Amino acid sequence: MSDRLFIFDTTLRDGEQVPGCQLNTVEKIEVAKALESLGVDVIEAGFPVSSPGDFNSVVEISKAVTWPTICALTRAVENDIRVAADALRYAKHPRIHTGIGTSDSHIRYKFNSTREEILERAVKAVAYAKRFVEDVQFYAEDAGRTDNEYLARVVEAVIRAGATVINIPDTTGYCLPAEFGAKIKYLIDHVDGIDRVTIATHCHNDLGMATANTVSGIINGARQAEVTINGIGERAGNTALEEVVMTFRSHRELGIDTNINSTRITSVSRMVSSLMNMPVQPNKAIVGRNAFAHSSGIHQDGVLKNRESYEIIDPKEVGIDENSIVLTARSGRAALKHRLHVLGCDLTSEQLDKAYEAFLALADRKKEINDDDVLMLAGQHRKASSRIKLDFLQVTSGVGVHSVASVGLDIAGEKFEACASGNGPVDAALSAIKNIIRRKMLLKEFLIQAINKGSNDVGKVHMTVEHDGVSYHGFSANTDIVAASAEAFIDAINKFVH
């Protein structure tokens, strides 16, 4: 009988704090439903007091999902807690997640306070949250750098105040695995009432040890892992859900397991990557493009003779079906619909019709359509309501000649055209767009990534455009990299031109 590990997913809260990865409410509901199908126990849906959008997302996610606990983050502030309780009013299983910094660094410089005052504020916050919900989670921010004896005092006090889950975050990703595991063990050995609550880990990846610290914490007694899909999150990211789940599936001798349906991992990973415009690095553990690729002749020979020679995980365990249907120009709507469903995207009939038209156009340019291509096609309908759309783009370029671009834009139904020359086709195209959109803009970042390989591949373009001191992020994908660049530029502009 396996010891149960609860999975607390914070993709929609901590993960969404990555610049350029913000989702609207409809997209958040789509992710929440995918997380429910994946089998996560708790979904941290947002920080309601931070914005009307976050508040509304928590409300709508609470309505949309059934069995996972829906959690809302707060500071140790009464108004935060009241707003969170209001946002959770439709949740079948609501949880308020409140807390405060406990390290000396936070106490002195962030709060200009004392240890005793912080302890008092922690207790008051938990007691106040308890008025609204039965399930109250307390976080000791920067617990990784908090003195263990003082941390134990705070944890014991908030348990007496009614906390049901105690979150021990390594907020700055500072701890070593043995150190973090010892911290969890210290709390188990020294806190009265610790057996009545669940201890949670929340590790950041600043030193590349988020998963190692989380696993160490669990081995030493924590039974809730706070994670994100693909390990996304602030700075270097959070602990990756897929890494924790498959670590314990691979090490069954530890006797710890989760409720996660691992065959859904790859499809949810790709859906989140697509929605958040956040590419998964090819060598990312479990879900990276190369995670089950073998280029070495010796490795290939070994895998062909016996998969376990070089693979500790069967790709099918995480939803990679080696015998999946290959999509080509001869594939019908049913095949595309099936592949979209497998990848976690269920489109309406109208959306499917548009996606299929785009699919046929892409299939004429590529011999085979892969899953990343399909997800890109599924995401195109989200831009249909944009105020500014690319009507046409014509570029002339070559060696020894100036690049010239002619651009047509549709702005709220009105047609505009402009021409410009530039230092290359992309520069010419963006300059022509600037001649129509007469705003002061600065291109801060420009990233091109091929989805797979080959000259006919779809290229993803990520762009950061600064306007009035604020950065806006744009994304597009196209087999024509100049068109993708223009579309990504327009995507960013749409976010500040109203």
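Before reading further, recall that the structure is shown in the block above.
Report on the accompanying structure. (Residues numbered from 1 in each chain as written. Predicted model: local features only at pLDDT ≥ 70, side-chain atom pairs only at ≥ 80, totals over all residues. Heavy atoms only, no water.)

Glancing now at the packing of helix α1 (residues 25–38) against helix α10 (residues 265–275). Axis angle and axis distance: for two packed helices, these are the angle between their axes and the distance between the axes, and together they describe the pair. Where α1 contacts α10, the two axes come as close as 10 Å, and the packing angle between them is 165°. Taken as axis vectors, α1 and α10 run roughly antiparallel relative to one another. The handedness of the crossing between α1 and α10 is left-handed. Of the residues in α10, those touching α1 at Glu27, Glu30, Val31, Ala34 and Leu38 are Ile265, Val268, Met271, Val272 and Leu275. Partitioning the contact of α1 with α10 into residue classes produces eight nonpolar, no polar and two charged. (Axes fitted to C-alpha atoms, helices over the stretch in contact; angles between N-to-C directions. Helix = DSSP H or I, 4+ residues; strand = E, 2+ residues; numbered from the N terminus. Parallel < 35°, antiparallel > 145°, perpendicular 65-115°, else oblique. Left-handed = near helix turned anticlockwise from the far one by under 90°. Contact = heavy atoms within 4.5 Å. Nonpolar A, V, L, I, M, F, W, Y, C, P; charged D, E, K, R; others polar.)

You can see threonine 171 is positioned in the loop between β7 (165–170) and α7 (177–190). You can call threonine 171 buried: its relative accessible area is 15%. A polar contact of 2.8 Å, which involves the side chain of threonine 171, links it to the backbone nitrogen of aspartate 142. Leave out the neighbours within four places in its chain, and threonine 171 touches Glu141, Asp142, His204, Asp206 and Arg235. (Buried < 20%, exposed > 50% of the residue type's maximum accessible area, 1.4 Å probe, protein only. Polar contact = N/O pair within 3.5 Å; in protein donor to acceptor, adjacent residues only side chain to side chain.)

Right, let's talk about the sheet that holds strand β11 (residues 388–396) for a bit. Strand order in the open sheet formed by three strands is β11-β12-β13, with antiparallel pairing between adjacent strands. The sheet is open, and its two borders are formed by β11 and β13 (414–422), each paired with just one other strand. Going from strand to strand, the sheet's axes swing by 15° on average, the running direction of each strand aside. Across nine bridges, strand β12 (residues 403–411) lies against β13 in antiparallel orientation. Note that in β13 the partner of valine 404 across the bridge is serine 421. Packing against the sheet, helix α15 (residues 425–436) makes contact with β11, β12 and β13, and its axis sits at approximately 135° to β13. Running at roughly 150° to β11, helix α16 (residues 481–493) makes contact with β11 and β12 of the sheet. (Pairing = 2+ DSSP bridges.)

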